[in-house]
Amino acid sequence: MNQKLTPKQKALAINLDTNIYGTFAEIGAGGASRTIAKAMSAYDKDFSDAIYGKEAKNRYVTQNRLRKMLRYEVALIEERLNRENNPGRKFFSYANTVTTINFDKTLKGHGWVGLRFQLDEKEDYNEIVFHVKFNENDATLQQETLGSLGVNLIYGAYNLSDNPRKLIESLYDDISTDNVEIDMIDFSGPAFTYVDNRLMSLQLVKNGMTDAVIFNPEGNNMLPADILYKKNIFAVRGSFRPVTLVNIDMFERGLEMFMKDSSCSFEETVVLFEITISNLRASGDIDERDFLDRVDVLAKLGYTVIISNFSEYFRLIDYFANYTSGKIGVAMGVNNLLDVFDENYYKNLSGGILEAFGKFFRQDMTVYLYPYKDPETHELLTSNNLRVSDNLKELYKYFKLNKRIVDIKDYNPNHSEIYSREILNKIANHESGWENQVPEGVAEMIKERGMFGYKEELKLKEFS
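I will try to describe carefully the structure that is included in this document. The shown structure was predicted, so the numbers you read here are calculated from the model rather than taken from an experiment.

### Structural notes on unusual backbone geometry
Line of reasoning, step 1. With omega at -5 degrees, the peptide bond leading from Arg-241 into Pro-242 counts as cis.
Line of reasoning, step 2. Along the polypeptide, Pro-242 turns up in the loop between β9 (232-237) and α8 (245-262).
Line of reasoning, step 3. A positive phi angle, near 50 degrees, is found at Phe-240, a position not held by glycine.
Line of reasoning, step 4. Take Phe-240: it is sitting in the loop between β9 and α8.
Line of reasoning, step 5. Note on Phe-240: relative accessible area 1%, which makes it buried.
Line of reasoning, step 6. Here the phi dihedral of Ser-263 falls at roughly 55 degrees; this positive angle occurs in a residue that is not glycine.
Line of reasoning, step 7. Along the chain, Ser-263 falls in the loop between α8 and β10 (269-276).
Line of reasoning, step 8. Note on Ser-263: relative accessible area 64%, which makes it exposed.

The structure is reproduced here in structure tokens:
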């Protein structure tokens, strides 16, 4: 298993394995009577509807359609094959529903890929489902990539199910991350009862398989296109380690202004709390427990989380603009805005800071700026008195005059001296006085679950 196999070698290994047997739907496959029970391609919509039933709004490239296909095909295997005549055989069904690049090359193509399979003939079925976005500019190349993904998925399911992280990595064996993006994945079934799909989402971003993943307060992975498409978007970036009253005040006051300024309805608006991979790596490699601590607290408060590799703000806004032409609002503190105006962040861009500003301060995007009180000088910094480089002052004035940057005015001044690092130090050192600086219920959650080092420090004190 240390040596990576090519998709052809994997396909041969799958075909020679007499213990697995299944079907392929909507994919062309060669003859392999010991492994493949049926291969079909239902490209005609009427024919597809006759097999799997009609879809709401006539949408065929959906997760619901894929799961319906997988379960229908497995049910047929179980119905038509006698278990007594096939002792030891583990059944599977592979399916995909995709659309490749169009003739005008304006739509790159995307789709859903999945596998429903057994690891033991007496166990229930497992499912692995993921969404792909094609980046290649040729339909034939996209089809070949899809075929390799399918082989990698089947091989990985039967050889790496005990290590989902390696399974995810293996999906790209012999495939470049430049060719295809996986932006949502979901594991379910008895083999994956211990798997937290949020951690699996994290692997996608960590491994460069996608730029961002989103999951809701229930911990379910969401397809970015489904949640962001044609919506107004309001985002707050932070470390949220832990969430403080400042974070919530910034979010609530900023959102109020955004809704009023944009004349948006809540039904048309998506609210996201963003954590970047660079933030998760701030103290070295990613600590998965620390990651889950942060998102669990946000989930308790009812917020949707986006994990991204966008260290620069303009990349986040550019990402949103790929899905919507609606209004975009970002709440941030003064220190974050100063980073936006730091030219050192844009040395890798051919157009430098001007290119970044063109993507960040786009039409219908507004920064809602939360004031910052300097802990040493006690000076309150707002958009009116923060200092940017002399060569950027006129640009800054332009964005301010055109209301691309506006101050959050109705903030709570009682929160101006709450600093997350001080709270974190108190939690780790088992000191009191931080509990009233976090949202209601958060302190109890941190203590009960031993988040951010709380219980570990307590035990050390008890035995010292």
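### Re the pairing of strand β12 (residues 328-333)
Line of reasoning, step 1. With six of six residues buried, β12 is to be regarded as a mostly interior element.
Line of reasoning, step 2. Going residue by residue along β12, you find Ile-328, Val-330 and Met-332 tucked away on one face and Gly-329, Ala-331 and Gly-333 tucked away on the opposite face as well.
Line of reasoning, step 3. Across six bridges, the pairing between β12 and strand β13 (residues 365-370) is parallel. Of the residues in β13, the one forming a bridge with Val-330 is Val-367.

### Describing the packing of helix α6 (residues 197-206) against helix α10 (residues 288-300)
To describe two helices that pack against each other, one gives the angle between their axes and the distance between the axes.
Line of reasoning, step 1. At a closest axis distance of 11 Å, the pairing of α6 and α10 adopts a crossing angle of 115 degrees. The two elements α6 and α10 meet at a crossing, and its hand is right-handed. Listed contacts from α10 to Arg-198, Leu-199, Leu-202 and Gln-203 of α6 are Glu-288, Phe-291, Leu-292, Val-295 and Asp-296.
Line of reasoning, step 2. Partitioned by chemical class, the residues of the contact of α6 with α10 number five nonpolar, one polar and three charged.

### A closer look at the packing of aromatic side chains
Line of reasoning, step 1. Scanning the entire structure with this criterion turns up 32 aromatic pairs.
Line of reasoning, step 2. Aromatic side chains Tyr-345 and Tyr-346 sit 6.5 Å apart centroid to centroid with 50 degrees between the ring planes, which places their arrangement in the tilted category.
Line of reasoning, step 3. Looking at Tyr-345, the relative accessible area reads 38%, which means it is partly exposed.
Line of reasoning, step 4. A connected cluster of aromatic rings, assembled from ring pairs, spans Tyr-313, Phe-341, Phe-357, Phe-360, Phe-361, Tyr-396, Tyr-398 and Phe-399.
Line of reasoning, step 5. Here the basic side chain of Arg-89 rests over the ring of Tyr-21, its NZ or CZ set 4.2 Å away from the ring centre.
Line of reasoning, step 6. When the ring centre of Tyr-313 is taken as origin, the NZ or CZ atom of Arg-237, which lies over that ring, is 4.2 Å away.

### As for the pairing of β13
Strand residues, when the strand is regular, have side chains that alternate between the two faces of the sheet.
Line of reasoning, step 1. β13 sits mainly inside the fold: six of its six residues count as buried.
Line of reasoning, step 2. Both faces of β13 are covered, namely the face carrying Met-365, Val-367 and Leu-369 and the face carrying Thr-366, Tyr-368 and Tyr-370.
Line of reasoning, step 3. The pairing of β13 with strand β16 (residues 405-407) spans three bridges and is classified as parallel. Looking at β16, one finds that Leu-369 is bridged to Asp-407.

### As for the sheet that holds β10
Line of reasoning, step 1. The sheet built from eight strands is open, its strands ordered β8-β7-β11-β10-β9-β12-β13-β16 with mixed pairing. Both edges of this open sheet fall to β8 (221-222) and β16, since each of them pairs with a single strand only.
Line of reasoning, step 2. As paired elements, β9 and β10 share six bridges and run parallel to each other. Bridge pairing in β10 places Val-236 opposite Phe-273.
Line of reasoning, step 3. Sheet contacts for helix α11 (residues 313-321): β7 (212-215), β9, β10, β11 (304-308), β12 and β13; angle to β12, the most-contacted strand, approximately 160 degrees.

### What about helix α1 (residues 7-16)?
Line of reasoning, step 1. Within the span of α1, buried status applies to Pro-7, Lys-10 and Ile-14. Relative to the axis of α1, the buried residues are bounded by an arc of 60 degrees and lie together on one face. When the buried face of α1 is taken as reference, the exposed residues oriented beyond 90 degrees from it are Lys-8 and Leu-16.
Line of reasoning, step 2. Those residues of α1 hidden inside the fold are in contact with β1 (20-25), α4 (139-159) and α5 (164-170).

### Structural notes on the pattern of salt bridges
Line of reasoning, step 1. Within this structure, the stated rule accounts for 26 salt bridges.
Line of reasoning, step 2. A salt bridge links Asp-296 to Arg-198, with the shortest nitrogen-to-oxygen separation between them at 2.6 Å. You can see Asp-296 sitting in helix α10 and its partner Arg-198 sitting in helix α6, a full 98 residues away along the chain. In this pair, the class of Asp-296 matches that of Arg-198, namely buried.
Line of reasoning, step 3. A salt bridge links Glu-394 to Lys-397, with the shortest nitrogen-to-oxygen separation between them at 3.6 Å.

Calculation rules
- Residues numbered from 1 in each chain as written.
- Predicted model: local features only at pLDDT ≥ 70, side-chain atom pairs only at ≥ 80, totals over all residues.
- Heavy atoms only, no water.
- Helix = DSSP H or I, 4+ residues; strand = E, 2+ residues; numbered from the N terminus.
- Buried < 20%, exposed > 50% of the residue type's maximum accessible area, 1.4 Å probe, protein only.
- Pairing = 2+ DSSP bridges.
- Axes fitted to C-alpha atoms, helices over the stretch in contact; angles between N-to-C directions.
- Left-handed = near helix turned anticlockwise from the far one by under 90°.
- Contact = heavy atoms within 4.5 Å.
- Nonpolar A, V, L, I, M, F, W, Y, C, P; charged D, E, K, R; others polar.
- Phe/Tyr/Trp six-rings, centres within 6.5 Å; stacked < 30°, edge-to-face > 60°.
- Lys NZ or Arg CZ within 6 Å of the ring centre and 35° of its normal.
- Arc of directions from axis to C-beta.
- Salt bridge = Lys/Arg side-chain N within 4 Å of Asp/Glu carboxyl O.

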